[in-house]
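# Residue-level structure breakdown
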Amino acid sequence: MKKLFLIKRKGFNYYTDYTELYLHKAFENKGYYLVKDESKCLFDVIVDISEEKYMAVLSSYFNTLSEDDAREFAEFLSCDFKSEVIVIPCPENYQFKGIAYKFMFSDVYNAFDEDVYVYDKAPEFVRESYSTYCKSGDLYSEEYINYGGEFKGIEISVSFDAEDVEIEGAFLTYTPRKEIERRQISFKKKNDRFVCTLSDFCIEKGINKYSAVLRGRKLLDEKRKHGFAIHFIPSSGAERIAPKVCVKEL
């Protein structure tokens, strides 16, 4: 019989960082560990987090548990989430009520044993945030985190869906220490692209996306130390334009 675990929302236990940690602690009792690399995943757990009183937790693993084992695991969850846990039969056509978050587990690998940083791999620039709109005359920004290793120079190229665009007021921000640093940059027009080459901009390591050691404010701080943001003001006859930004290692 398919089983659905319901965990009462309490305090901050429905914040995804806490949910991830508490699930890991509960599954450790059964010899399973959180992983973030899909190639190492044995099974996944889906948590439906909504405005409802309870979070709904589904997994193929639960369907292998006997009634006694399910009750035991509910006690593990209750202890780690510090809240009430109920086990009920899962409706055949369960409808998600909020956002479904997936957490992956393994009986061999453990995301909490992964190194926090990456040194010896190629850099991997991932855009994590950007301005909602790109309007002529307004500042546009994109933030990138490096999930790979060291780099010693980058090339930034920007193209637009309009032909009459120019770029001005461009700068880079990054946080090598505690304070944000700002560096003016300039773009040169090359055919249909604007290109900026920064041969002396380097970061010695990146964040390991497969590690679960960092979380919350500490994770955000470390991401900013190992990433950067690109800012520029486009001008065009069109009021709203669509930029395409590409960042690569030199």
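All of the points below concern the structure found in this document. (Residues numbered from 1 in each chain as written. Predicted model: local features only at pLDDT ≥ 70, side-chain atom pairs only at ≥ 80, totals over all residues. Heavy atoms only, no water.)

Further remarks concern the packing of helix α1 (residues 16–28) against helix α2 (residues 67–81). At a closest axis distance of 9 Å, the pairing of α1 and α2 adopts a crossing angle of 140°. When the axis of α1 is compared with that of α2, the two are oblique. You can see that α1 and α2 cross each other, and the crossing is right-handed. Between α1, through Thr19, Tyr22, Leu23, Lys25, Ala26 and Phe27, and α2, the contact on the second element is made entirely by Phe73, Phe76, Leu77, Asp80 and Phe81. Broken down by class, the residue content of the contact of α1 with α2 amounts to 8 nonpolar, 1 polar and 2 charged. (Axes fitted to C-alpha atoms, helices over the stretch in contact; angles between N-to-C directions. Helix = DSSP H or I, 4+ residues; strand = E, 2+ residues; numbered from the N terminus. Parallel < 35°, antiparallel > 145°, perpendicular 65-115°, else oblique. Left-handed = near helix turned anticlockwise from the far one by under 90°. Contact = heavy atoms within 4.5 Å. Nonpolar A, V, L, I, M, F, W, Y, C, P; charged D, E, K, R; others polar.)

Relative to the helices and strands, tyrosine 54 resides in strand β4 (residues 54–59). Since its relative accessible area comes to 22%, tyrosine 54 is described here as partly exposed. Sequence spacing of tyrosine 54 and arginine 71 is 17 residues, and the spatial spacing of their C-alpha atoms is 17 Å. With residues up to four places along the chain from it excluded, the contact list for tyrosine 54 reads Leu6, Ile7, Lys8, Arg9, Glu84 and Ile86. In this structure the side chain of tyrosine 54 is engaged in a polar contact, spanning 2.9 Å, whose partner is the side chain of glutamate 84. (Buried < 20%, exposed > 50% of the residue type's maximum accessible area, 1.4 Å probe, protein only. Polar contact = N/O pair within 3.5 Å; in protein donor to acceptor, adjacent residues only side chain to side chain.)

Right, let's talk about the sheet that holds strand β10 (residues 154–160) for a bit. Strand order in the open sheet made by the 4 strands is β13-β14-β10-β17, with antiparallel pairing throughout. At either end of the open sheet lies a strand with only one pairing partner, and these are β13 (188–190) and β17 (243–249). Here the average twist between neighbouring strands, direction ignored, is 25°. Looking at chain direction, β10 and β17 are connected through 7 bridges and run antiparallel. Counted as the bridge partner of glutamate 155 is lysine 248 from β17. (Pairing = 2+ DSSP bridges.)

As far as function goes, none of this settles anything; it's purely spatial.
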